[in-house]
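Remarks on the overall topology
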Amino acid sequence: MATMKTIESVCVYCGSSNGRDENHFAAGLTLGRSLAGAGLRLVYGAGTKGIMGAVARGAMDAGGAVTGIIPKFLIRKEATEVELTRLDELVVTDDMHQRKHLMFDRSDAFVALPGGIGTLEEIVEIMTWAQLARHEKPIVFANISGFWNPLLTLIQHMRDEGFVHSAQRVQPLVVDRAEDIVPALLAAPASDGGNGEAPVAIERL
Ligand SMILES: Nc1ncnc2c1ncn2[C@@H]1O[C@H](COP(=O)(O)O)[C@@H](O)[C@H]1O
C-alpha cells in the first residue's frame, strides 16, 4: 500500500493544438491559474502551443511554478524558444520514453484536459500503471463540454465486459469544470482513507 503524500506537483496532459471548442482552450488557462493559486507546480510537456501553451501561460502569468519536459527533437515543433525561457525549469530529454518517465516521477497527480492522440496515449498509460499497482496517484479527467465521454463510455464497456482487472485501482475522477480540478485533486487523498466524501461536482468513473 502506497503512503499518502501531499500533492505538490500536478502533471497535465492536453492537446498541442487549440481544438475547435474555445471552452477547451479557456479550461487550459483556468487550470494553469488555479494550480498557481493553490501553490501547486505544473509539470507538463513544455509545449508553448495549443492547450499545452494555455495551461503554462495561465500558471506563469499567475506566478506559478512550471516544469516543462520535452525531448530535443520536439522543441522546434511544439515550442517557441522565447516562451520556453519563461519556464522556471526546463528538462530536455533524449527521447519520448525518458520524457514520460520523468513526467510520471516528478508528479503527484495527473490531469487529462482535452487533447489528441498524444494526450490519450499518456493518460491511458498512467491508468495502466495504476491498474498494475505501480502507483496510487490521483487521476482526473477534465470532461470539459463532455469531451471525454466517448472514452469514459468505452472504459465502462470494458468493465462491464469483464476486461478491467483490479478495477478498484483504476478509479479516475471526472469533473466537468476546470475550476473543479484542483479542489478534486486536493480532496482525493482524504477521500481515499479519510471521510470518504467527495465534493459534489466530482464523480468516480
Ligand atoms: N505516443 C506518445 N506518447 C506520449 N506523448 C505523446 C505521444 N505522441 C504525442 N505525444 C505528446 O503529447 C502531447 C499532446 O499531443 P496531442 O497529440 O496534441 O494530444 C504532445 O506534447 C506530444 O508530444
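Going by the structure above, here's the rest.
Residues numbered from 1 in each chain as written. Predicted model: local features only at pLDDT ≥ 70, side-chain atom pairs only at ≥ 80, totals over all residues. Heavy atoms only, no water.

Focus on helix α6 (residues 117-131)
Basically, it comes down to this: Each helix is a run of H or I in the DSSP string that is no shorter than four residues. Each strand is a run of E no shorter than two, and both are numbered from the N terminus. A helix's residues, less one, multiplied by 1.5 Å, set its expected span. Exposed residues in this analysis have more than 50% of their type's maximum accessible area, buried residues have under 20%, and partly exposed residues fall in between, with area computed by a 1.4 Å probe over protein chains only. Residue contacts follow a heavy-atom distance rule, with two residues in contact if any of their heavy atoms lie within 4.5 Å.
Helix length check: α6, at 15 residues, gives a terminal C-alpha distance of 21 Å against a target of 21 Å (1.5 Å per residue), a fit within 8%. Every buried residue of α6 is listed here: Thr-119, Glu-122, Ile-123, Ile-126, Met-127, Trp-129, Ala-130 and Gln-131. Where α6 is buried, its residues meet β1 (9-13), α5 (96-105), β5 (109-112), β6 (139-142) and α7 (149-160). Looking one or two places after α6, you find Ala-133, whose phi comes out positive at around 60 degrees.

Points about a nonpolar patch on the surface
Just so we agree on the cut-off: Patches here: salt-bridge-free residues with over 30% relative accessible area, like charges joined within 9 Å, nonpolar side chains (Val, Leu, Ile, Met, Phe, Trp, Tyr) joined within 5 Å. Computed by Shrake-Rupley with a 1.4 Å probe, the accessible areas treat only the displayed protein chains as cover when residues are assessed. Any carboxyl oxygen of Asp or Glu that lies within 4 Å of a side-chain nitrogen of Lys or Arg is treated as forming a salt bridge with it.
On the surface, a nonpolar cluster with roughly 320 Å² of combined accessible area is contributed by Leu-154, Met-158 and Phe-163. On the secondary structure map, Leu-154 appears in helix α7. With a relative accessible area of 40%, Leu-154 lands in the partly exposed category.

Description of the pairing of strand β3 (residues 66-71)
How we decide: Seen with its strands pointing away from the viewer, a crossover is right-handed if its path from the first strand over the helix to the second goes clockwise. Strands qualify as paired when DSSP identifies two bridges or more between them.
Across the six residues of β3, six count as buried, placing the element largely inside the fold. Burial of β3 is two-sided: the residues Val-66, Gly-68 and Ile-70 facing one way and the residues Thr-67, Ile-69 and Pro-71 facing the other way are all buried. With respect to chirality, the unit in which strand β2 (residues 41-44) leads through helix α2 (residues 50-61) into the neighbouring parallel β3 is right-handed. Summarising the sheet, β3 and strand β4 (residues 89-93) pair through five bridges and their orientation is parallel. Residue Ile-70 lies in a different strand from β4, and its bridge partner there is Val-92.

Details of the packing of aromatic side chains
Test applied: What counts as a ring pair is set by centres within 6.5 Å for rings of Phe, Tyr and Trp (its six-membered ring), and what kind of pair is set by the plane angle: stacked under 30 degrees, edge-to-face over 60, tilted for all other angles. The rule for a charge over a ring is simple: NZ of Lys or CZ of Arg within 6 Å of the ring centre, and within 35 degrees of the ring normal.
This model, assessed by the stated rule, comprises five aromatic pairs. Arranged with centres 5.8 Å apart and planes meeting at 5 degrees, the rings of Phe-104 and Phe-110 form a pair that is stacked. With a centroid separation of 4.9 Å and 90 degrees between ring planes, the pair formed by Phe-147 and Trp-148 is classed as edge-to-face. Judged by relative accessible area, which is 4%, Trp-148 ranks as buried. Cation over ring: Lys-137 sits above Phe-104, and NZ or CZ is 4.0 Å from the ring centre.

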